[in-house]
Amino acid sequence: MKKSTLIALILAGVAVPALALAGPFDGTWKLDTAKSKFTGDTMTYTKTATGYHFSNGGPVSYDFAVDGKDFTIIPSRSVAWSKAAGGGWDIVTKANGKVISKAHRTLSADGKTMTSTYVEYRPDGTTVHESDVYARVTGAKGLAGEWRNTKVQSASDTMKIATSAGGHFTIEEPNFKSTTAGRTDGSPSTIKGPNVPPGAVPVYKADDPGKWSYRGSLNGKVYFQGVMTVSADGKTLTDTQWVPGKKSEASVSIYDKQ
């Protein structure tokens, strides 16, 4: 799940008690990848004396070397890069020391396109295959430069939302076995799950019955923010999410009510 590039790292979902009175957000929602938009975001690799520096233009920024060793992305997350036998790179991402994805990344002959195919190992035991294609924005050759995502093949997933009196809510994403519970008044909520890093705190605020704004932070630093809205007919949920300072590159996830 593309939206999940940051969410999978930080806040992989939320879960839900039975309600007396259903609201617009209540129910089971399935991601429609065909209707959603996951392209447009940018990232930068800068060559260093020992390897590279990665930045998503926001809070995710770290150094790594192409030597097969683990380097910290965020607390409890690591990545290891190594040269692939047939060219390109193999990348292994771990959560708490456990592999959660394996990727293979290659450059086109002219160096203008980068393709990443990867396997994601989800906490529910399922395995999904996804891919991204990036176009070079800056740089002449190799990995170094700025890249923009132009094509995404993403797997679908579901989430379950329930609300109750007093603005209480729970959201569950079964694929990630994550549960978040709290209130839609802008106060900190709690999140639990096998891949949730320590220090992760989601915050939700109901701007009106069919619109929630939210943000996800880690150890006090905001990693992403967004807005969820439910259509007037109650059949579609739109989740628009962006990296702080990069709202123009927001992803748009469209969910259909089941």
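Look up: the structure comes first, before these words.
Residues numbered from 1 in each chain as written. Predicted model: local features only at pLDDT ≥ 70, side-chain atom pairs only at ≥ 80, totals over all residues. Heavy atoms only, no water.

## Let's talk about the pairing of strand 13 (residues 168-173)
In this sheet, strand 13 lies alongside strand 12 (residues 158-164) in antiparallel orientation, the contact comprising five bridges. When the bridges of strand 13 are listed, T163 appears paired with F169. A loop of three residues connects strand 12 with strand 13, the two strands running antiparallel in sequence, and G166 in this loop sits at a positive phi of about 85°. Summarising the sheet, strand 13 and strand 14 (residues 178-183) pair through six bridges and their orientation is antiparallel. Bridged to E172 within strand 14 is T179. Where strand 13 hands over to strand 14, the hairpin turn is made up of four residues, of which K177 adopts a positive phi near 50°. (Pairing = 2+ DSSP bridges. Helix = DSSP H or I, 4+ residues; strand = E, 2+ residues; numbered from the N terminus.)

## Describing the sheet that holds strand 5 (residues 70-74)
In spatial order, the strands read 4-3-2-11-10-9-8-7-6-5; together these ten strands make up an open sheet with antiparallel pairing. In the strand order of this sheet, the two ends are held by strand 4 (61-64) and strand 5, each with one partner. Taking each pair of neighbouring strands and ignoring which way they run, the sheet shows an average axis angle of 25°. Pairing of strand 10 (residues 127-136) with strand 11 (residues 145-153) involves six bridges; the strand directions are antiparallel. Its bridge partner lying in strand 11, S131 is registered against Q153. (Axes fitted to C-alpha atoms, helices over the stretch in contact; angles between N-to-C directions.)

The values are spatial; any link to function lies outside them.
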